[in-house]
Amino acid sequence: MSTQILRAADRTPVPWKNGGGLTREVAAAPAGGDGFDWRVSLADVTADGPFSIFPDIDRTLTVVEGAGMDLVVGGEHHIVDEPLWPHDFPGDRPTDGFLLSGPVVNLNVMYRRGRTRAETAVVCGTVRLMAPPGGAVLALSLDDGAVLDGTGIRLDRYDAVLAEGGSPGVLRTMGQAVVITFSDV
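As the structure is a computational prediction, the values presented were derived from the model and not from experiment.

Calculation criteria
- Residues numbered from 1 in each chain as written.
- Predicted model: local features only at pLDDT ≥ 70, side-chain atom pairs only at ≥ 80, totals over all residues.
- Heavy atoms only, no water.
- Pairing = 2+ DSSP bridges.
- Helix = DSSP H or I, 4+ residues; strand = E, 2+ residues; numbered from the N terminus.
- Phe/Tyr/Trp six-rings, centres within 6.5 Å; stacked < 30°, edge-to-face > 60°.
- Buried < 20%, exposed > 50% of the residue type's maximum accessible area, 1.4 Å probe, protein only.
- Salt bridge = Lys/Arg side-chain N within 4 Å of Asp/Glu carboxyl O.

Draft legend 1. Molecular detail of the sheet that holds strand β9 (residues 87-90). Read across the open sheet, the six strands follow the order β2-β3-β4-β11-β6-β9; overall the sheet is antiparallel. Across the chains shown, the open sheet's two edge strands, defined by having one partner strand only, are β2 (14-15) and β9. In this sheet, strand β3 (residues 22-29) lies alongside β2 in antiparallel orientation, the contact comprising two bridges. Its bridge partner lying in β3, P15 is registered against L22.

Right under this line is the structure:
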């Protein structure tokens, strides 16, 4: 089993693929470039504008800070105004985002259609993390003070734990966390 602790303080903001904003990559497999099977990032959205297009990629967007967005995906409006509610959409359709009331921070989960499946859930309290066979599980703390039981490892806001090949244990949150499970199709 492989387990990594991914600290928010270690992430460097980089421009979006289309240059319209900034993102901080949490993790990707394989790491580096657009050839990923899956990728998780936090994006700062401070203005209305187009989303980057990613061919053959499905996306899940979860607003983790702010009032939300009106996503126009392929001409269809999707009001994403429920905080911490994962919203799925195809990453290869033209998408524009319009802020509802000020800046937001979005958790973006992207995964390659036909190769990878991702399930995103927001949890509160205690959850056993378990990577499926051949897959991975990533948990991102949304508040300070989450603890990985039995390890003494503390996760503060936007810190994450990534595990492959088993269970890194039980995550006890002081608030909420986003848990993403990746599996092969």
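Still more to cover.
Draft legend 2. Highlighting the packing of aromatic side chains. Using the criterion set out here, one finds three aromatic pairs in the structure. Each ring, one from F36 and one from F54, has its centre 6.2 Å from the other, and the planes form 55 degrees; the classification is tilted. Here F36 is found in the loop between β3 and β4 (38-45), whereas its partner F54 is found in the loop between β5 (49-50) and β6 (57-65), with 18 residues between them in sequence. Considered together, F36 and F54 belong to a single accessibility category, that of buried residues. Judged by centre distance (4.0 Å) and plane angle (15 degrees), the ring pair of W38 and F182 falls under stacked. Within this pair, whereas W38 is found in strand β4, its partner F182 is found in strand β17 (residues 169-184), the two being separated by 144 residues in sequence.

Draft legend 3. View of the pattern of salt bridges. Scanning all chains against the criterion turns up nine salt bridges. A salt bridge links R172 to D149; its shortest N-O distance comes to 2.5 Å. Of this pair, R172 sits in strand β17 while D149 sits in the loop between β14 (146-148) and β15 (153-155), placing them 23 residues apart in sequence. Among the residues examined, R172 registers a relative accessible area of 40% and is labelled partly exposed. Counted as one network, the salt bridges with shared partners bring together D58, D92 and R113.

Draft legend 4. Quick peek at the pairing of strand β8 (residues 76-80). For strand β7 (residues 69-73) and β8, the ladder comprises five bridges, and the chain directions are antiparallel. The residue of β8 that forms the bridge with V73 is E76. Counted along the chain from β7 to the antiparallel partner β8, the turn is two residues long, and its residue G74 has a positive phi close to 55 degrees.

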